[in-house]
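Reading the structure
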Amino acid sequence: MYAHLDGDVHVFYTRYPFAEDPSKPTIVFLHPTATDTSFMKQFADPALNTKYNLVAFDHRYHGRTRTPVLQEDYDYAVAAEDIARALDQIGLKRFHLWGAAQGANIALWLAAARSELVASLILVGMYCPSNTPEEMEPMMHMRNESMSSKKFPIDVIAGLLHHNYGAFIDEKLVADMSAKWEQKYSGGGDWREVLDKHFSQFTARVPLNKAQAAALTMPILLMQGSGDFAHPPERTIDVYRNILTSANFLETEVVKGAPNFLSSTHARKVTDRRGRFPDRLCGGERQPQSLLPWNTLEVRPIMEN
């Protein structure tokens, strides 16, 4: 399905069930970079798809979304505005927002811009608003390699995925996603411009300003992997603890050994933890929001079996 927006922007989205059940709350998913809606294993999980309406979007320059290539950088503000306009068109008025990796950063900007829509914010594998030069080096190397390539550098897409899966690399997903990209750009086209936009989300990212951060009053769950060396969890949590001071409920959790793409590699633990979070707010437990602690922080490592 598509949300057809002004500016020749056609945002692909999928939903389960196909027709919204008004008796159930809704979760909106935003996927990581270099992937698409198929990344979200949670769509197939009965723990969620029997209790919630599920909706996921392909971001600009990803998957089946069709859009012109912008002259300006593709930053979080642009990505969030695309999704906000798509949400308006399909008529979603209130939902839990669930972002993975780059999708988590986009979710943060979307929630700041349209806080009235977001019942809770679930952020998994957040990137710091900025990285040290050492942390940026692998990404800059991949960008430079792709810009100098004479043909579509499928190895760069594989490299991005390896970078985020770490030791838990899913070779089948890498092969599937790489094949999608290669098929899409095998005839040439503007792949250099598109890849440059992908990398601009890393190189041009900036933190929310104070006014934007002040809008983030909804309950927030932040999950990071202890094996995410590109975005060290201790520093990432510390940074966002100082940004998300307006949240009326803030929980953080570090999954031991998990990489940036823990939504996929540790899908069961993440789904269980993320599923329980909105349950407390609008599902089975229905704990009144007024009773939730104010600005609490809980860091609870999970041991993997």
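None of these values were measured; they are calculated from a predicted model.

Cut-off values and rules
Residues numbered from 1 in each chain as written. Predicted model: local features only at pLDDT ≥ 70, side-chain atom pairs only at ≥ 80, totals over all residues. Heavy atoms only, no water. Buried < 20%, exposed > 50% of the residue type's maximum accessible area, 1.4 Å probe, protein only. Helix = DSSP H or I, 4+ residues; strand = E, 2+ residues; numbered from the N terminus. Pairing = 2+ DSSP bridges. Expected span 1.5 Å × (residues − 1). Polar contact = N/O pair within 3.5 Å; in protein donor to acceptor, adjacent residues only side chain to side chain. Contact = heavy atoms within 4.5 Å. Salt bridge = Lys/Arg side-chain N within 4 Å of Asp/Glu carboxyl O. Right-handed = clockwise from strand over helix to strand, strands pointing away.

Our next topic: the pairing of strand E4 (residues 53–57). Most of E4 is tucked away, with 5 of its 5 residues classed as buried. Residues Asn53, Val55 and Phe57 point to one face of E4 and Leu54 and Ala56 to the other, with burial holding for every one of them. With 4 bridges joining them, strand E2 (residues 9–16) and E4 adopt antiparallel strand pairing. The residue bridging Arg15 from the neighbouring strand is Val55, located in E4. In terms of strand pairing, strand E3 (residues 26–30) meets E4 through 5 bridges, oriented parallel. Bridged to Thr26 within E4 is Asn53.

A few words now on helix H2 (residues 76–90). The end-to-end C-alpha distance of H2 is 21 Å, a good match for the 21 Å that 15 residues give at a rise of 1.5 Å each. Taken as a whole, H2 has its buried residues at Tyr76, Val78, Ala79, Ala80, Asp82, Ile83, Ala84, Ala86, Leu87 and Ile90. Looking at where H2 begins, the residue whose side-chain oxygen comes 3.3 Å from the main-chain nitrogen of Ala77 is Asp75. With its phi angle positive at about 85°, Gly91 sits one or two positions after the end of H2.

Once that is clear, we can look at the environment of Arg85. Along the polypeptide, Arg85 turns up in helix H2. Arg85 sits 80 residues away from Leu5 along the chain, and the two C-alpha atoms are 7.2 Å apart. Setting aside its immediate chain neighbours within four residues, Arg85 contacts Leu5, Asp6 and Val9.

As a further point, take the pattern of salt bridges. Summed over all chains, the structure comprises 9 salt bridges. With its nearest N and O atoms 2.6 Å apart, the salt bridge here joins Arg268 to Asp45. Taken as a pair, Arg268 in helix H11 (residues 267–282) and Asp45 in the loop between E3 and helix H1 (46–49) lie far apart in primary sequence, 223 residues in all. Looking at Asp45, the relative accessible area reads 10%, which means it is buried. Across the pair Arg114 and Asp88 runs a salt bridge whose closest N-O atoms are separated by 3.0 Å. Here Arg114 is found in the loop between helix H3 (102–113) and strand E6 (118–124), whereas its partner Asp88 is found in helix H2, with 26 residues between them in sequence. Through salt bridges with shared partners, one network takes in Asp45, Arg268 and Asp272.

Now for the pairing of strand E8 (residues 250–255). A regular strand places its side chains so that they alternate between the two faces of the sheet. Within E8, 6 of the 6 residues are buried, which leaves it mostly tucked inside the rest of the structure. Burial along E8 is two-sided: Leu250, Thr252 and Val254 facing one way and Glu251, Glu253 and Val255 facing the other are all buried. One crossover worth recording links strand E7 (residues 220–225) to the parallel E8 by way of helix H9 (residues 233–243), and it is right-handed.

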